[in-house]
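Residues per chain are reported as follows:
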Amino acid sequence: MRIALLQYPILWGDKSSNLRLAVARIRAIAGKADVAMLPEMFSTGFCTDHPELAESVDGETLSTLQRVADETDVAIVSSFICSDHGQLFNRGFFLKPHEAPVFVDKAHLYKHGGEDQFFSAGSSRTIITYRGVRFRLLLCYDLRFPVWARQDAAQLYDILLVCANWPQVRIQYWDVLVPARATENQCLIAAVNPVGDDGMGLHYNGHSVAYDTHLNPIVSFADDEEGTHIAHFDVDTLHHFRDVSPLYQDADPYRINR
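Residues numbered from 1 in each chain as written. Predicted model: local features only at pLDDT ≥ 70, side-chain atom pairs only at ≥ 80, totals over all residues. Heavy atoms only, no water.

What about the sheet that holds strand E13 (residues 217-220)?
Right, so step 1: Taken in spatial order, the 6 strands of this open sheet run E6-E7-E8-E9-E12-E13, and their pairing is mixed. Unpaired on one side and paired on the other, strand E6 (128-130) and E13 mark the two borders of the sheet. Each adjacent strand pair in this sheet contributes to an overall mean axis angle of 20 degrees, direction not counted.
Right, so step 2: As judged from the 3 bridges shared by strand E12 (residues 209-211) and E13, these two strands associate in the antiparallel manner. When the sheet's bridge partners are listed, Tyr 211 is paired in E13 with Pro 217.
Right, so step 3: Packed on one face of the sheet, helix H4 (residues 171-185) meets strand E8 (159-163), strand E9 (188-192) and E12 and runs near 155 degrees to E9.
Right, so step 4: This element, helix H5 (residues 235-244), spans strand E7 (133-139), E8 and E9 of the sheet and lies at about 90 degrees to E7. (Pairing = 2+ DSSP bridges. Helix = DSSP H or I, 4+ residues; strand = E, 2+ residues; numbered from the N terminus. Axes fitted to C-alpha atoms, helices over the stretch in contact; angles between N-to-C directions. Contact = heavy atoms within 4.5 Å.)

A closer look at unusual backbone geometry
Right, so step 1: Residues other than glycine seldom take positive phi values, yet Asp 73 does so here, at roughly 60 degrees.
Right, so step 2: Locating Asp 73 in the fold gives a position in the loop between helix H2 (60-72) and strand E3 (75-84).

Some remarks on the packing of helix H1 (residues 15-27) against H2
Right, so step 1: Between H1 and H2, the shortest axis-to-axis distance is 10 Å and the interhelical angle comes to 10 degrees. Relative to H2, the element H1 lies roughly parallel. Between H1 and H2, the residues in contact are Lys 15, Leu 19, Val 23, Ile 26 and Arg 27 and Glu 60, Thr 61, Thr 64, Leu 65, Val 68, Glu 71 and Thr 72, respectively.
Right, so step 2: The residue makeup of the contact of H1 with H2, split by class, is 5 nonpolar, 3 polar and 4 charged. (Parallel < 35°, antiparallel > 145°, perpendicular 65-115°, else oblique. Nonpolar A, V, L, I, M, F, W, Y, C, P; charged D, E, K, R; others polar.)

Quick look at the structure:
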């Protein structure tokens, strides 16, 4: 499974420019990747208090990306500000070529950034299957809550995807939490974050990364690096690793009430 991590600046509140740039970058990796990952809220930045930027799932942003996924044969993963039946969601999406999209709303809303004042929380722990590989999608703050990514027999997945807007001031936690979630869940992981400055004065220095089953970085980015790197994941090796040492079977039972 080839996953492209696209680490670029997000233009604050400028949907048309961000969408145009994302389309160009995805078209550039056609034939080279199976999945393209964009940072969380790739089309707007982390504009939690701008309801006028919201769209439905049938709006221009997702309609355009679905056409690009179909044209390039590359699945596209990120999130956007979604308006749905009078509520706003930070809605993650996994757009498959020539298939129905899968949506996962952000479950943990970042109170310090005001996200909970405008958005509604999601409750879905969806497993996404694409080309024989099982995925889970987390959005930014969800990464801090280990039970939400928890691997078990009923929620077994191969690759954890994390799309984020994680600023430099807290990047030391990102650097620890990404490999921690992979270790806890015996999974592969790909995590993408932007670079540049947002409209609230925060700087983002990236640190997008992908790890294999032994926490070796498959790809990584330098501080503030703009670019696209493609991680080649060996899912067969992961399955062998789990067969030899199925640690998730020894985990404590738990229940999530949402």
